[in-house]
Amino acid sequence: MLDLNVYKSDTKPTWCPGCGDFAVLSSLMKATQTLQLEPWNMLIVSGIGCSSNFPHFLSAYGFHGIHGRSLPVASGAKLANPELTVIAAGGDGDGFGIGAGHFVHTMRRNLDLTYIVMDNQIYGLTTGQASPTSEMKMQTKSTPEGVIEEPINPIALALGAGATFVSRGFSGDVKGLTEIMIAAIQHKGFALVDVLSPCVTYNKINTYEWFRERVYRLDKEGHDPSDLSKAWARAIEWPAFNSARERIPTGIFYQLKGKPTYEELEPGLRAGPLSKRVAGIKPELAKELLAEFA
Amino acid sequence: MAKGFIFRIGAAAGDGASSTAENFARICVRSGLYTFTYTSYQSVIRGGHVWVQVRAEEDPVLSQGERPTLLIALNQQTVDIHASQLSEGGAIILDEGLQLDAAKLAREVRVLRMPLVKTATELGVQQLRNVVALAAAMALLDMGPGLLEEAIRETWGTRKPKALEGNLEAMRRGTDWVAANGGSLRLGIRFSGKRRLLMTGNNAIALGAVAAGCNFFSQYPMTPASSIMHWVAAHAGQVGVVMKQAEDELAAINMCIGASHAGARSMTATSGGGFSLMVEALGEAGMTETPVVVALVARCGPSTGLPTKTEQGDLNLVLGAGQGDWPRIILAPRNTVECFTQSARSFNLADVYQTPVILLSDLYLSEGYRTVDPDALDMNVPILRGFLAHGEPPVGGYKRFLLTESGVSPRATPGTKGFQFIAGTDEHTEDGELISDVRAGVPEFIEVRRKMHDKRMRKLRTAVKEMQGPEVWPEADAEYTILSWGSSQGPVREAVLRLRAEGASVNSMEFRDLFPMPVPLVEKALAKVRTSLLVEGNHTGQFGRLLRAETGFRPDFTYFKSDGEPFYPDEIAAKVKEVLVRA
C-alpha cells in the first residue's frame with residue numbers, strides 16, 4: 001500500500017496563495033494514491049506557465065518542456081513506453097493558445113493520456129494578458145478596452161476532435177475533481193480534464209465566488225456521459241455566445257469506452273515497449289533490408 | 001580508362017521519366033556498372049519539365065557528369081532543351097512526331113526517330129512508349145534485353161499477366177527496331193555482372209538509423225526529406241519502429257524528445273523550413289540533455305525557395321539554431337555510404353553526449369540514386385547508450401544532472417524505481433530542481449547556473465575528441481587545394497582527377513564532422529595548404545566563415561554557387577584553372 005507521502009515532492013509549489021492549482025495538485029495526488037500508481041511508473045509532462053511548474057511539486061518522473069508542446073512530448077513518451085502512466089498538465093494559454101494544434105491532433109489519435117488543463121482564463125506568469133479562454137469584454141493588460149473575440153470552448157473543441165473522455169472540474173470542489181481525475185486516469189484513451197482553476201492575482205472576474213454561483217454537477221442532474229448528443233448540449237452551455245443564462249456544468253460530459261487506443265493499433269509496438277528494446281537489427285533482417293536495394 | 005556513358009531522359013512531369021530512369025539505373029547496377037543519378041524536377045505533380053541523368057561506368061562514379069551520350073526525349077521541350085547538349089558520337093531517341101533541328105547537334109550524333117507513340121497506341125497503353133524507348137537505349141548500349149525483362153517480370157509478375165505481356169512486347173519492339181536500324185553504338189563497355197546496391201542518400205540515412213537501433217521516428221512531410229519517412233513507414237512493422245507522421249515539425253521533434261526521454265532511440269528529418277520550426281525544441285533537448293537525431297536535408301532557400309533544387313545553405317541555421325548556448329554535434333555526410341555511417345554514428349553520439357546531433361545533407365546527396373558496395377554498409381552497428389543510471393539509487397538521492405568532468409551525467413529512464421527526476425527547460429540544480437523562480441540571482445544559485453551551464457557546454461570539449469578532421473585526397477601534398485564540405489565531395493574529386501590528368505598539382509580537402517570542430521586536426525591539415533579554393537553551395541561561404549572563426553584560416557579563392565543546381569566537375573575544374581592563372 002503506497003502512502004500519500006510517496007507522491008509528495010520536497011519542492012514547495014511556487015504558486016500564489018489561494019491559486020486554484022493547489023487543489024489540482026492535491027486532487028491528482030489523491031487520485032494516484034487511490035489508484036496505487038507507482039510514482040516511478042508515472043511521467044508528468046508540462047509546458048510553460050504557472051501551472052506548468054506542476055511536475056516539480058509531486059514525486060514522479062517529469063518533463064518540464066517548452067511552451068505549448070506538452071502533448072507531443074507526452075505522446076512520444078507514451079509511444080516509447082505504453083506501460084507508463086503519462087499525464088500532461090498545463091494552462092489554457094499553453095494548451096489552447098500556442099499548443100492548440102497539438103491539442104486537436106492528440107485528441108483525434110486517442111493515445112492513452114490524461115491531459116489536465118488548469119484553466120484560469122488569463123496569462124498569469126507573463127503578468128496578466130488575455131488568454132484563449134478569456135471571456136468577451138474582459139479587460140487585461142493586452143486588452144485595455146476589453147476582449148473582442150469569443151473564447152475557445154475546450155469541451156466542445158474536445159468533443160469535435162474526437163476525444164474519448166471529456167470532463168470539467170473546479171478547484172473549489174476537490175472531492176468532485178478527485179473523482180474526475182480517477183476516472184480520467186482509468187479511462188483507456190485520451191482524457192481531457194479542463195479545470196476551472198481561478199487566478200487570484202490577475203483574474204478578478206472569474207473568481208471562486210463567481211464560479212460557485214454558476215457551477216453545477218452533471219451527475220446530479222442525471223447526465224448520461226455515454227450520450228454524445230447530450231454531451232454536446234451540455235458543452236455549449238458555457239461559454240456561450242449568448243451568455244444570459246450562465247450555468248457551468250462540471251463532471252464528465254462524455255466517455256466513449258472500448259475504442260482502441262493509438263498505441264494498441266501501432267504496428268511498431270507489436271514487439272513491446274521501445275524503451276526495452278534498443279538494439280541493432282538481426283543479421284537475417286539486415287540481409288532482407290539490403291536485398292531490396294539490389 | 002574506364003568506359004561508360006551518360007543517359008538522360010526528359011519528359012513532362014507525370015510521364016514516368018523518373019521511374020523509367022530509376023528502373024534503368026537499377027538495370028545498370030545489375031549489369032555490373034557503377035551509377036550516379038541526378039533528377040531535375042519541379043514542384044508540380046503533372047506538367048512541367050522533368051529530366052533525369054543516369055551516369056554509368058565500369059569504375060566507381062563520382063558525379064552526375066555533364067553532357068549526355070544518350071538522350072530519350074519524350075516531348076518537344078526535351079528535344080529543344082537537351083538535344084544540343086549531346087556529346088559527339090552519342091544518340092537521341094525521340095518520337096517520329098517531334099521536331100529536331102539537326103544543325104544543333106554535335107558531330108556524329110545518331111538520330112533515332114522511333115514510332116514510340118504509335119507502338120504504345122497499338123499496344124493500348126500510352127506509358128509503354130517509355131519501355132519501347134528504354135529497350136532501344138539498352139540495345140544501343142549493348143546491354144541486351146535480359147535485365148529489362150527481369151525488371152518487368154518483377155514489377156508485373158504473375159499479378160497482371162496482360163500488363164506483363166504488353167511490357168514484354170514493347171521491350172521486343174524497341175530492341176528489334178534498333179537491330180533493324182543501325183544496331184548498337186559500339187561503346188565497348190564491359191558488363192561485369194557483379195551486382196551491387198542502388199540507393200539514395202535518404203535510403204542510406206534511414207537504413208543507418210534502423211541499423212543503429214532507432215525505434216522511434218517522427219516527421220512532417222517536406223521535400224527533399226520525405227523519402228526518409230517513406231522508407232521508415234514502409235518498414236515500421238517489420239523492423240519494430242514506431243513511425244509517427246506528426247501534425248507539424250514542432251510536434252515531430254517534441255515527440256522524438258518525449259520518446260527519447262522515455263528510453264527510445266529517436267529521430268526526425270526535415271528540410272530547412274521544418275528545421276526552423278524545430279529550433280526551440282532543439283534547445284529544449286540541449287537543456288534537458290535528451291538525445292535526439294535530426295536529419296536536415298537542405299534545399300534551395302531562402303523561405304520556400306526552390307523546393308526541388310539543391311543548396312548547402314543551411315549550415316548557419318544549424319550552427320546558430322536556438323537561443324543561448326547548448327552543445328550540438330553537426331555531421332555532414334559526403335556521399336551515400338557516409339549517409340549510412342554518419343546516420344548510424346549520430347545515434348551513438350546523441351546517447352553518449354545526451355544532446356542533439358544534426359545530420360546535414362542536401363537534396364543532391366539525399367535524392368540521387370547511387371551505387372553502393374554492400375560491403376561498405378556494416379549493418380552490425382555497435383549500440384552505445386552512454387552513461388546510464390542503474391542499480392540502487394545513490395545515498396543522498398539520484399542527481400540526473402550531476403556535475404562531471406566530461407559534462408555527461410547518469411541518465412535514468414521513467415519506469416526505473418527510485419530515480420524519479422524532472423527534466424526541466426528552466427535552469428536547474430544537479431537534481432533537476434528549477435532555479436528560475438525564487439532562486440535566480442541569489443548568490444548561491446548564480447554559482448549553480450554557472451556550473452550547470454559549464455557542465456553542459458563541457459560536453460563539446462569531450463565530444464571534440466572523437467570528431468574527425470578533414471580528409472585530404474588523393475595525396476597530402478599539392479600545390480593547389482580545393483576545400484569543400486559534405487555533398488560536394490564527388491564533383492570536387494572528379495575535377496581534381498581531371499586536373500591532375502592534365503598535369504596540375506591539385507588535391508581535395510573535405511570536411512565531414514563540422515561541429516564541434518577538431519581544431520588541432522584542422523590546423524594541421526591547413527598548415528600544408530599552399531594555394532586554396534573554397535567550394536561551397538551557398539551564397540556567403542557559410543563554412544568558410546566557420547573555418548575562419550575556428551582557425552583564422554582564409555581561403556585564397558572562393559567559388560560559391562547557389563542557383564539550385566548541383567556542382568559539375570567541369571565548372572569546378574574551370575574555376576581552378578581560372579584562379580591558378582591569378583595565383
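Everything numeric in this text was worked out from a predicted model, so none of it was measured. (Residues numbered from 1 in each chain as written. Chains lettered and ligands numbered in written order. Predicted model: local features only at pLDDT ≥ 70, side-chain atom pairs only at ≥ 80, totals over all residues.)

Asker: Please give an account of the overall build of chain A that cites residues and values.
Answerer: Regarding its fold elements, chain A presents 10 helices and 8 strands. Expressed as lengths along the three principal axes of its C-alpha atoms, the size of chain A is roughly 70 × 45 × 40 Å. Burial analysis of chain A (294 residues in total) assigns 54% to the buried set. (Helix = DSSP H or I, 4+ residues; strand = E, 2+ residues; numbered from the N terminus. Buried ≥ 20, exposed ≤ 12 C-beta atoms within 10 Å, placed from the backbone.)

Asker: Please provide a residue-by-residue account of the sheet that holds strand S8 (residues 216-219) of chain B, values included.
Answerer: Residues and elements named next belong to chain B. Strands sit in the order S9-S8-S10-S11-S13-S12-S19 across an open sheet of 7 strands; the sheet is mixed. Edge positions in the open sheet fall to strand S9 (242-245) and strand S19 (513-515), since each of these has one partner strand only. The mean inter-strand angle of the sheet, taken between neighbouring strand axes irrespective of direction, is 20°. Where strand S10 (residues 266-270) lies against strand S11 (residues 292-298), 4 bridges are found, and the strand directions are parallel. (Pairing = 2+ DSSP bridges. Axes fitted to C-alpha atoms, helices over the stretch in contact; angles between N-to-C directions.)

Asker: Account for the pairing of strand S6 (residues 191-196) of chain A, with residues named and values stated.
Answerer: All names here are of chain A. Of all the 6 residues making up S6, 6 are buried; the element is thus mostly covered by neighbouring parts of the structure. On S6, burial covers both faces: Ala 191, Val 193 and Val 195 on one face and Leu 192, Asp 194 and Leu 196 on the other are all buried. Bridge analysis of strand S4 (residues 114-119) against S6 gives 6 bridges, and the strand direction is parallel. Residue pairing in the sheet places Val 117 in a bridge with Asp 194 of S6. Pairing between strand S5 (residues 165-170) and S6: 6 bridges, direction parallel. In the sheet register, Phe 165 faces S6, and the bridge partner there is Ala 191.

Asker: Tell me about the packing of helix H2 (residues 70-80) of chain A against helix H9 (residues 249-261) of chain B, and name the residues and values.
Answerer: Running from N to C, H2 of chain A and H9 of chain B cross one another at 45°; their axes reach a closest spacing of 6 Å. As far as their axial angle goes, H9 of chain B and H2 of chain A are oblique. In terms of crossing hand, the pair formed by H2 of chain A and H9 of chain B is right-handed. Along the contact surface, H2 of chain A presents Pro 72, Val 73, Ala 74, Ser 75, Gly 76, Ala 77, Leu 79 and Ala 80 of chain A, while H9 of chain B presents Ala 251, Asn 254, Met 255, Cys 256, Ile 257, Gly 258, Ala 259 and His 261 of chain B. Looking at the contact of H2 of chain A with H9 of chain B residue by residue, the classes come out as 11 nonpolar, 5 polar and no charged. (Parallel < 35°, antiparallel > 145°, perpendicular 65-115°, else oblique. Left-handed = near helix turned anticlockwise from the far one by under 90°. Contact = placed C-beta atoms within 7 Å. Nonpolar A, V, L, I, M, F, W, Y, C, P; charged D, E, K, R; others polar.)

Asker: With reference to specific residues and values, describe unusual backbone geometry.
Answerer: In this structure, the amide linkage connecting Trp 238 of chain A to the following residue, Pro 239 of chain A, adopts the cis form with an omega of -10°. Here Pro 239 of chain A lies in the loop between helix H8 (228-235) and strand S8 (248-255). The linkage connecting Thr 223 of chain B with the following residue, Pro 224 of chain B, adopts the cis geometry, with an omega of 0°. Looking at the element boundaries, Pro 224 of chain B is found in the loop between S8 and helix H8 (226-239). One non-glycine residue, Asp 142 of chain B, lies in the positive phi region at around 60°. Secondary-structure assignment places Asp 142 of chain B in the loop between helix H4 (128-140) and helix H5 (146-156). Unlike most non-glycine residues, Ser 303 of chain B shows phi in positive territory, near 50°. Residue class for Ser 303 of chain B comes out exposed when judged on the 7 C-beta atoms lying within 10 Å of it.

Asker: Quick one: what's the story with the nonpolar core, residue by residue and with numbers?
Answerer: Among the nonpolar cores identified, the biggest contains 247 residues, and Leu 43 of chain A together with Ala 136, Ala 137 and Ala 295 of chain B are the most heavily contacted of them. In terms of residue count, the dominant contributor to this core is H4 of chain B (11 residues). With residues near it in sequence (within four places) discarded, Ala 295 of chain B still touches Ile 205, Ala 225, Ile 228, Met 267, Ala 269, Leu 359 and Ser 361 of chain B. Counting 7 residues, the second-largest nonpolar core is a separate cluster that includes Trp 15, Cys 50, Ile 122 and Cys 199 of chain A. (Core = buried A, V, L, I, M, F, W, Y, C linked by C-beta atoms within 7 Å.)

Asker: With reference to specific residues and values, describe the sheet that holds strand S17 (residues 480-485) of chain B.
Answerer: All names here are of chain B. What the 5 strands build is an open sheet, ordered S16-S18-S17-S20-S21; its pairing is mixed. A single partner strand is all that each edge strand has here, and the edge strands are strand S16 (471-473) and strand S21 (557-560). If you compare each strand with its neighbour and ignore which way they point, the axes differ by 20° on average. Pairing analysis gives 6 bridges linking S17 to strand S18 (residues 506-511), with the strands arranged parallel. Residue pairing for S18: Ile 482 is matched across the bridge by Ser 508. Against the sheet, helix H17 (residues 542-551) makes contact with S17, S18, strand S20 (531-536) and S21, and its axis sits at roughly 130° relative to S20, the strand it touches most.

Asker: Account for the domain arrangement of chain B, with residues named and values stated.
Answerer: Residues and elements named next belong to chain B. Entries for chain B in the domain assignment read domain 1 (4-180), domain 2 (198-376), domain 3 (390-466) and domain 4 (471-582). Each of domain 1 and domain 4 was reduced to a C-alpha centroid, and the two centroids are 35 Å apart. Contact with domain 1, which involves 5 residues of that partner, is made by 8 residues of domain 4. Here the side of domain 1 that touches domain 4 is composed, by residue class, of 2 nonpolar, 2 polar and 1 charged. (Domains from an automatic or database assignment.)

Asker: Lay out the interface of chain B and chain A in plain terms, naming residues and giving numbers.
Answerer: One frequent convention defines the size of an interface as the accessible area lost when the parts assemble. Each partner contributes to the interface: chain B provides 64 residues, whereas chain A provides 51 residues. Going through the elements one at a time, strand S7 (197-200), helix H7 (201-211), H8, S9, H9, helix H10 (272-288) and strand S15 (422-424) of chain B are the ones with two or more residues in the side of chain B that touches chain A. It is H9 of chain B that provides the largest number of residues to the side of chain B that touches chain A, a total of 9 residues. Pairing of strand S2 (residues 61-64) of chain A with S15 of chain B, which is carried by 3 bridges, proceeds in the parallel orientation. Along S15 of chain B, the bridge assignment pairs Phe 63 of chain A with Ala 423 of chain B.

Asker: Tell me about the environment of Tyr 353 of chain B, residues and numbers included.
Answerer: Residue and element names in this part refer to chain B. Inspection of the secondary structure puts Tyr 353 in helix H12 (residues 336-353). A tally of 25 C-beta atoms within 10 Å means that Tyr 353 is categorised as buried. Spatially, the C-alpha atoms of Tyr 353 and Gly 396 are 25 Å apart, while their sequence positions differ by 43 residues. Not counting chain neighbours up to four residues away, the residues in contact with Tyr 353 comprise Pro 327, Ile 329, Val 408, Lys 459 and Ala 463.

Asker: Tell me about helix H16 (residues 519-527) of chain B, and please be specific about residues and values.
Answerer: Residues and elements named next belong to chain B. Taken residue by residue, H16 has Val 522, Ala 525 and Leu 526 as its buried positions. End-on view of H16: buried residues confined to an arc of 100°, all on one side of the axis. Those residues of H16 that are exposed and aimed more than 90 degrees away from the buried face are Pro 520, Lys 524 and Ala 527. Where the residues of H16 are buried, they touch S16, S18 and H17. (Arc of directions from axis to C-beta.)

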